[in-house]
Structure formats: C-alpha cells, structure tokens
Amino acid sequence: MKVLIADAINEKGIENLKEVAEVVVNTSITPEELADTIHEYNGIIVRSRTKLTADIIKKADNLQIIARAGVGVDNIDLDAATEKGIMVVNSPESTSVTVAEHTMGLILSMARKISIADKSVKEGKWEKKQFMGVELRNKTLGVIGMGRIGSQVVNRCKAFGMDAMAYDPYLPEEVAKQMGVDLTDLDTVLKNSDFITIHVPLTPETKHSVSYEQFDLMKDTAYIVNCSRGGVIDEEALYDALVNDKIGGAALDVYEEEPPATDSKLFELDNIVLTPHIAASTKEAQRDAAIIVADEIIDLAKG
Ligand code: NAD
C-alpha cells in the first residue's frame, strides 16, 4: 500500500503506518500537485488544510481510503468519494476533551477579561478597575449542539457551579437528562443563558443559525463562544451585536474565512477573544487522532 500524508500529523501515527505501507510525507503539497499525483496512492491522510474536492477525487483511481485526522470531514467531497467507492474515516473522539478544555479557556478569558488585561499589563498599564469580571458560579450555560464536545463542556461547567440548558433537536430527552441538562428550544437557550457555547457541525441548517435575530434575544451581558465551525455565527451580525453592546462579549476559534482578512472589523473590538483554529491542537489529541486514523489504514491493509 502507498499512503500520502498530506497534512502534518503526529509522528507516532506515521511510524505505525510504515510497518504496513510505503509512506510519503508531503505536508506542503499544492492542490495542483495533488491532482497530478493522487492516482499513485492507495491511501491519504489529511487534516483540514488539504481539500479533497470532487475534481481531485475523480483522478484518484487507486485510492481506497481517505482518513481525516480529526472530526469534521467538510474538506472532503463525500459524494465524489462514495461514487468512486473510496472509504472515508475520521477520528471524532480524539479531540473532544481538548476542544472542551479550549472552550473553558475562552469562557474564563471572557468572564475575567484575561486576554485584554494581559495586553494592557504588557503595555505598561495598571487598569485594575476596567477589568471587573463575573463569576461562572450560579450562571447558566447554554449549549447549542449537545454531542461529544458539548457534553464535555457541560461536565466542566458543572464543576464550576453552573446550570446547563441545551438546544439539540436530534438528542433524545432521556439522554439529555442523563447528561444533566435541560433540553429546550433555541430561543429559550438564547434568552436565558449567561454563557452560550456552540458545538454543531456546519450544515445548511446551522449556517448563520446565530444571526441578528438570535443576538437580539440574548441578554446584554451574555457571552458567546464558537469552537465549532466558522459560518455557524453570522460574523456581520456578531460585529453589530458587539459594537452596539447587545451582548457582553464573544470568543471565536473558527471563522467564516480562515484565516480572516487582516483588516477584519472584529479585530478592532476589545470585547472579543480570538484564537487561530487551535481548539483541537494539543499534543494528546493530535497523537490520538494520528494513531486512530493510522490504525484504520493498517486494518484495511491487513484485510
Ligand atoms: P457531535 O456530532 O458529537 O455533536 C454535534 C451535535 O450537534 C449533535 O448532538 C447533533 O445532534 C447536534 N446538531 C446537529 N445539528 C444541529 C442543529 N441544527 N442545532 C442544534 N444541534 C444540532 O460532534 P462533536 O464531536 O461534538 O463536534 C462538534 C463540532 O465541533 C464538529 O462538527 C466540528 O466541526 C467542530 N470541531 C471543531 C474543532 C476546532 O478545532 N475548533 C475541533 C473539533 C471539532
């Protein structure tokens, strides 16, 4: 078997793969180079940089498996892969705790103004009065998308003494009960939450599902985090909500366009915390993701 590693993955996964396959590592491969060489490979491992479009997949005459080290497979044209009979695998469990921990970091950063206070101290200022925060204790967390990551965030917020409610039309009531959250409709979550966190996939249904109308329902003290996918929040509407103090603040790890334009209006605001799509970037999560997808290819190679 010949396998291309097209995006950087943990060394342990590559090491394991080498026991059963010829492995080519080219993590700076361009779309043109990929289109020209994809027919040489039986397997490919990607993260989010490499886009496996229908045009590229059409040329993948010998490809048996596409492995995405991580969760979302929105960079892979699944219809094209199915048409060619190519198996697509990912490692959805590998990053849940890591993304939940990043979400907690962003929640705490907003509640205690950590990133803006850090900037101020480094500028030689001592603006104690400006950085009055709020506690998480006794506050309400609202989760949109109560899956693997959403439920891990709830567990952590409960340890901080928070109550939790969630909107997830696909989650059975009994499962929500076991998770210790009140399952309700989106408007109720938006109206009653002090901290809102989004953990849904990007689909036609979720695209811009948090927009002007939804920001208008939120408390003017509410904080919102998006560590799911850019595009779920309408960034124009978010800017409007932040600049007009319709909400308390926001934190984003993901953007409608990545990286965002260098002159993004969001960069001008003090009430937003931004990270560069690193919610899944821990040594542990990346190691697990690489091992899991390598194992899928090893299983296929061994038949
Ligand atoms: P999951 O599939 O376990 O959970 C998603 C949940 O969203 C499910 O419970 C589903 O029922 C719910 N859902 C679907 N459509 C919905 C809608 N319209 N409204 C409300 N809920 C809806 O996925 P997960 O592992 O928890 O990951 C969630 C998302 O986080 C992924 O789709 C992925 O795009 C994103 N993610 C981002 C990073 C990052 O680096 N920032 C890393 C990993 C995952």
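This text follows the structure it describes.
No experiment lies behind these values; they were computed from the predicted model shown.

Reading the values: the criteria
Residues numbered from 1 in each chain as written. Predicted model: local features only at pLDDT ≥ 70, side-chain atom pairs only at ≥ 80, totals over all residues. Heavy atoms only, no water. Helix = DSSP H or I, 4+ residues; strand = E, 2+ residues; numbered from the N terminus. Rg over C-alpha atoms; globule rule 2.2 N^0.38 Å. Buried < 20%, exposed > 50% of the residue type's maximum accessible area, 1.4 Å probe, protein only. Contact = heavy atoms within 4.5 Å. Areas by Shrake-Rupley, 256 points an atom, 1.4 Å probe, with all protein chains shown as cover. Lys, Arg positive; Asp, Glu negative; His and termini not counted. Charge placed at Lys NZ, Arg CZ, Asp CG, Glu CD. Axes fitted to C-alpha atoms, helices over the stretch in contact; angles between N-to-C directions. Parallel < 35°, antiparallel > 145°, perpendicular 65-115°, else oblique. Left-handed = near helix turned anticlockwise from the far one by under 90°. Nonpolar A, V, L, I, M, F, W, Y, C, P; charged D, E, K, R; others polar. Polar contact = N/O pair within 3.5 Å; in protein donor to acceptor, adjacent residues only side chain to side chain. Near = heavy atom within 4 Å. Phe/Tyr/Trp six-rings, centres within 6.5 Å; stacked < 30°, edge-to-face > 60°. Lys NZ or Arg CZ within 6 Å of the ring centre and 35° of its normal.

Peer 1: Help me understand the overall build of the protein in this model?
Peer 2: The helix and strand tally for the protein stands at twelve helices and twelve strands. On C-alpha atoms alone, the protein measures out to a radius of gyration of 21 Å, which is about the 19 Å that the 2.2 N^0.38 rule sets for 303 residues. Judged by the C-alpha coordinates and their principal axes, the protein covers about 60 × 50 × 30 Å. When the 303 residues of the protein are sorted by exposure, 47% land in the buried category. For the protein, long-range pairs separated by at least 24 residues make up 59% of all intrachain contacts whose partners lie at least 6 apart in sequence. Put simply, the protein shows about 15,100 Å² of open surface, and 50% of that area lies on carbon and sulfur atoms. Taking the 32 positively charged and 50 negatively charged side chains of the protein as two groups, their mean positions are separated by 6 Å.

Peer 1: Help me understand the packing of helix α1 (residues 11-18) against helix α12 (residues 283-302) in this model?
Peer 2: Axis angle and axis distance: for two packed helices, these are the angle between their axes and the distance between the axes, and together they describe the pair. The interhelical angle for the contact between α1 and α12, taken along N-to-C directions, is 15 degrees, at an axis separation of 7 Å. Looking at the two axes, α1 sits roughly parallel to α12. For the crossing formed where α1 meets α12, the hand is right-handed. Contact with α1, carried on its side by Lys12, Gly13, Asn16 and Leu17, involves Arg287, Ala290, Ile291, Ala294, Ile297 and Ile298 of α12 and no other residues of that element. When its residues are assigned to classes, the contact of α1 with α12 shows six nonpolar, two polar and two charged.

Peer 1: Honestly, helix α11 (residues 235-243) in this entry has me stumped. Any pointers?
Peer 2: Since the α-helix turns once every 3.6 residues, residues separated by three or four places project in the same direction. Along α11, the positions that sit buried rather than exposed are Glu235, Ala237, Leu238, Tyr239, Ala241 and Leu242. Where α11 is buried, its residues contact α10 (212-217), β10 (223-226), β11 (249-252) and β12 (272-274). For α11, the N-terminal cap is Asp234; the gap from its side-chain oxygen to the backbone nitrogen of Glu236 is 3.1 Å. Positive phi appears at Asp245, one or two residues downstream of α11, with a value of about 50 degrees.

Peer 1: Teacher, can you tell me more about the site of the ligand here?
Peer 2: The local shell around the ligand holds 25 residues, among which Arg148, Ile149, Asp168, Cys227 and Asp253 are the closest. Within the side chain of Asp168, a nitrogen or oxygen atom sits 2.6 Å from an oxygen atom of the ligand. Side-chain polar atom of Glu205 to a nitrogen atom of the ligand: 3.4 Å apart, as the coordinates give it. Burial of the ligand by the protein amounts to 87% of the accessible area it has alone, namely 860 Å².

Peer 1: I tried to follow the packing of aromatic side chains on my own but got confused; where do I start?
Peer 2: Ring pairs (aromatic) are described by centroid distance and by the angle formed between their planes. This structure, assessed with the given rule, holds one aromatic pair. Here the aromatic rings of Phe195 and Tyr223 are separated by 5.3 Å at their centres, their planes lie at 15 degrees, and the arrangement is stacked. In this pair, Phe195 is assigned in strand β9 (residues 195-198) and Tyr223 in strand β10, connecting sequence segments 28 residues apart. For the pair Phe195 and Tyr223, a shared accessibility class is recorded, and that class is buried. The positively charged end of Lys2 is found above the aromatic ring belonging to Tyr41, 5.2 Å away from the centroid.

Peer 1: Hey, could you run me through the environment of Ile45 in this one?
Peer 2: You can see Ile45 is positioned in strand β3 (residues 43-46). Exposure remark for Ile45: the relative accessible area of 0% places this residue in the buried category. As a C-alpha pair, Ile45 and Leu269 span 224 residues in sequence and 38 Å in three-dimensional space. Aside from chain neighbours lying at most four places away, what touches Ile45 is Val3, Leu4, Ile5, Ala6, Asp7, Ile9, Leu17, Ala67, Ala69, Val293 and Ile297.

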